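Fold and contact review
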Amino acid sequence: MRRGIFLSLMLIASILVALMVGQVDIGVADLWQGLITGEGPGALLLGTIRGPRVATAVGAGAVLGLSGAIFQTLFRNPLAAPDIMGFTAGAGLAVVAAIAMGLALPMPLVASLGGLVAAVLVALFSWRRDAATPPLTLILVGLGVGFAASALTTFLMTFLPTVAAGEAQRWMTGSLAARDWGHVAQVWGLGVILGLLTLGQVQSLTVLELGADLAAGLGLNVERARWGLAGTGVLLAAVGVAVAGPIPFVALMAGPFSSRFTGARTLGGRLAAAAAAGALITVLGDLAARAAVPGIQLPVGVMTGLIGAPYLLWRLSREMERGEL
Amino acid sequence: MKWAGLVSLLVLVMGLSLTVGVRDLTLADYVTAITAFDPYDPAHVTLMSIRLPRLLAALIAGGALGMAGSMMQALTRNPLADPGLLGVNAGAAFALILGTTLLGRADQSTIAMLAFPGAAAASAAVFALGGGLRGDAGPVRLTLAGAALNALLLSLVTAVALIRQDSLDILRFWVAGSLSQAAARPLFEMAIAAAIGGGMAWALALRLEALSLGSALARGLGTRPGLVQAATLVAVTLTTGAAVAVAGPIAFLGLMVPPVARRVAGHSLRAELLASAILGGGLLLLADTLGRLILAPAEVRAGIMVALLGAPVFIWIARSLRPGATT
């Protein structure tokens, strides 16, 4: 519990630093004054530039982290994350397709559709008539669906005019540049609804974690519970993708990082910690991406990629030593 | 019989690739272009300086990638091994962007010469990281290690490209995985590199087959596993390096070709290598030709066409692995 508080404090501190540091540095006093009076440089930064950016980062990171933790718990495998299994790639494909076709639909809707289609395809392709699908097959098939989605995305981008293609490319890396309060409202509004939905399913996830046989024995409708949880997880990831692009590896890292850090035992505590950790990783990643090279704002996805890929390699070697892979 | 079918398919694709396009040409044009070349005849110029280099580039790169895929799959006993998926292309891209930024030069031969060592370093790295040297590189491990290395290198590449606008432009043209600049690439040198790699593979094939029976048995047959693995990696590097230098990054070709080649070649790895070379060349050429046609006069890069075809094949192979075999 104490370390849970420490994680929250770290998140608050990182949000403050992210609001203060940038092309123009600003003190806490100015921020406070801007917040209270609505005037001065603090108000400008909070209201139009860094405020929406950081709020979007927190929301997108939280939904991605929560989504990752749901899948990792559901499949009882630390590699089962929406970014590994192709769901975020599916959401990204849908968004680029919508841009290419000039559809004026709300992005979260489009991304959710793409993510859901990818998830259904993964389930369909890895389904076996004779036996339950092992999680590793699911992960491999998911990787393949992700590859297919990325290939189609690249294909569609050749249809876009150069400027739009450049923008799409930047978005595909995962970027928080030029977010406005509309993005914040989308990710927080939908995030809270989906978070409540998750809360309603915590009990069945707790039972599922004991194993499908035991869960069925305890009177749980295993298939329905699984689909409900997977659907919620996909929608969470898609909302994150819709506002910030497919930021890589946040969903993969958040769960293991937070449960190791906080030592939370209950599933509810672990999920909450994963959401907080996802937000922390995204805010810090964006801060580092903005600060890395003076005068140039790198997309946040570059930073999470640089941190996440070594983590994935480390994870693989550890699973290998434990004989799980 | 199967071999005759394979070769006639290749010839058919070659004929198609040479004749159709923005400007449709007949094979008779080729005869006159070779016997009586007229530098002012646009048809002749198209043939000799655009279509023919492009055909050669596709055959070199596709054949090299097919052989590299066969070697990797034999070495790792992993049907999902493919140079592109294992981070080799990302390694080449990284070396390319770092090198052109540091050297301040970006002509075609510099690009080719930089891509080569980058591909080599990445293939060695991912093989070691995925546990390949222990001879137990499971599909999930190797594929994910490749995906991780890809992500890491591409993050670095994106960072450099966004910081330096000039590198971004170089990268945009190269990362395409396109054959449209084939004439400017060092085709002759890379054909030799691919041929040396292929020759090494041919010489190593019997020992690799012995190795696939298990290292203990291979030792008993007089094979030194470490040496064979190292030599095979060199051959993989030569072939993929050549392909990357000629055609840019192309994934999935080395994944798709070997299973089909095995159908033609049976259980002999030497025959499989030959079939992979023919099939790989033909498939890349077909992808390039289709890419020129479907959006004409715009082009879809050959790398994209191959990936659109290859991703479903990846899913199909991943799905058909027995549960025990995924480890």
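Residues numbered from 1 in each chain as written. Chains lettered and ligands numbered in written order. Predicted model: local features only at pLDDT ≥ 70, side-chain atom pairs only at ≥ 80, totals over all residues. Heavy atoms only, no water.

The next point concerns the overall build of chain A. The number of helices and strands found in chain A is 13 helices and zero strands. Seen in sequence order, chain A has helices and strands lined up from the N terminus as α-α-α-α-α-α-α-α-α-α-α-α-α. Taking the principal axes of its C-alpha atoms as reference, chain A extends roughly 65 × 55 × 35 Å. Across chain A, the fraction of contacts at a sequence separation of at least 24, relative to all contacts at a separation of at least 6, is 75%. As displayed, chain A has an accessible area near 14,000 Å², and 68% of this comes from carbon and sulfur atoms. Measuring between centres, the 18 positive side-chain charges of chain A sit 6 Å from its 14 negative side-chain charges. (Helix = DSSP H or I, 4+ residues; strand = E, 2+ residues; numbered from the N terminus. Contact = heavy atoms within 4.5 Å. Areas by Shrake-Rupley, 256 points an atom, 1.4 Å probe, with all protein chains shown as cover. Lys, Arg positive; Asp, Glu negative; His and termini not counted. Charge placed at Lys NZ, Arg CZ, Asp CG, Glu CD.)

This part is about the UniProt feature "transmembrane region" (unreviewed entry) in chain B. Residues and elements named next belong to chain B. In the numbering used here, UniProt assigns the "transmembrane region" (unreviewed entry) feature to residues 52–72, 84–104, 110–130, 142–163, 183–206, 227–253, 273–295 and 302–321. Note that residues 52–72 is 100% helix and 0% strand, and that its end C-alpha atoms are spaced 30 Å apart. In residues 273–295, helix accounts for 96% and strand for 0%; the two terminal C-alpha atoms are 34 Å from one another. (UniProt positions renumbered as here; feature names shortened; annotations may be inferred.)

With that settled, the discussion passes to the pattern of salt bridges. Residues and elements named next belong to chain A. Inspection of every chain in the model, using the stated rule, returns six salt bridges over all chains. Glu209 is paired through a salt bridge with Arg270; the nearest N and O atoms lie 2.7 Å apart. With a gap of 61 residues between them, Glu209 in the loop between helix 8 (181–208) and helix 9 (212–217) and Arg270 in helix 12 (residues 267–291) connect regions that are remote in the sequence. What makes Arg270 partly exposed here is its relative accessible area of 22%. Here the residues in one salt-bridge network are Arg53, Asp286 and Arg290, joined through shared partners. (Salt bridge = Lys/Arg side-chain N within 4 Å of Asp/Glu carboxyl O. Buried < 20%, exposed > 50% of the residue type's maximum accessible area, 1.4 Å probe, protein only.)

A word on the interface of chain A and chain B. In this assembly, 41 residues from chain A lie in contact with 37 residues from chain B. Carbon and sulfur atoms make up 83% of the surface buried where chain A meets chain B, a total of about 3,400 Å² over both sides. Taken together, chain A and chain B are joined by two residue pairs in polar contact (both at pLDDT 80 or more). Among the secondary structure elements, those contributing two or more residues to the side of chain A that touches chain B are helix 5 (107–126), helix 6 (135–157), helix 7 (162–173) and helix 13 (300–321) of chain A. Looking at the side of chain A that touches chain B element by element, the count peaks at 13 residues for helix 6 of chain A. Along the lines of polarity and charge, the residues of the side of chain A that touches chain B split into 31 nonpolar, eight polar and two charged. (Buried area = accessible area lost by both parts, 1.4 Å probe. Polar contact = N/O pair within 3.5 Å; in protein donor to acceptor, adjacent residues only side chain to side chain. Nonpolar A, V, L, I, M, F, W, Y, C, P; charged D, E, K, R; others polar.)

Okay, the layout of surface pockets next. Residue and element names in this part refer to chain A. Here the second largest pocket defines a volume of roughly 870 Å³. Around the second largest pocket sit 31 residues that line it, and Phe75, Thr133, Leu138, Glu223 and Arg226 are the ones nearest its centre. Among the elements of the structure, helix 3 (40–74), helix 5, helix 6 and helix 10 (222–244) are those that each provide at least two residues to the lining of the second largest pocket. Tallied by class, the residues present in the lining of the second largest pocket amount to 21 nonpolar, four polar and six charged. (1 Å grid on protein atoms, 1.4 Å probe; cavity = no way out; pocket = protein on both sides within 12 Å on 5 of 7 lines; lining within 4 Å. Points joined across faces, edges and corners; volume = space filled by probe spheres on them.)

What follows deals with the UniProt feature "transmembrane region" (unreviewed entry) in chain A. Residues and elements named next belong to chain A. Under the present numbering, the feature "transmembrane region" (unreviewed entry) in UniProt falls on residues 54–75, 84–103, 109–127, 139–161, 181–199, 234–255, 267–284 and 296–314. Regarding residues 54–75, the helix share stands at 95% and the strand share at 0%, and the terminal C-alpha atoms are separated by 32 Å. Along residues 109–127 the backbone is 95% helical and 0% strand, and the end-to-end C-alpha distance reaches 27 Å.

Summed over all chains, the structure comprises seven aromatic pairs over all chains. With centroids separated by 5.2 Å and ring planes inclined at 50°, the aromatic side chains of A:Phe71 and A:Phe87 adopt a geometry described as tilted. You can see A:Phe71 sitting in helix 3 and its partner A:Phe87 sitting in helix 4 (residues 87–101), a full 16 residues away along the chain. Judged on exposure class, the residue A:Phe71 and its partner A:Phe87 are both buried. With centroids separated by 5.5 Å and ring planes inclined at 80°, the aromatic side chains of A:Phe147 and B:Phe252 adopt a geometry described as edge-to-face. Of this pair, A:Phe147 sits in helix 6 while B:Phe252 sits in the loop between helix 10 (225–247) and helix 11 (253–265), which puts the two residues in different chains. Just as A:Phe147 is buried, B:Phe252 falls in that class too. (Phe/Tyr/Trp six-rings, centres within 6.5 Å; stacked < 30°, edge-to-face > 60°.)

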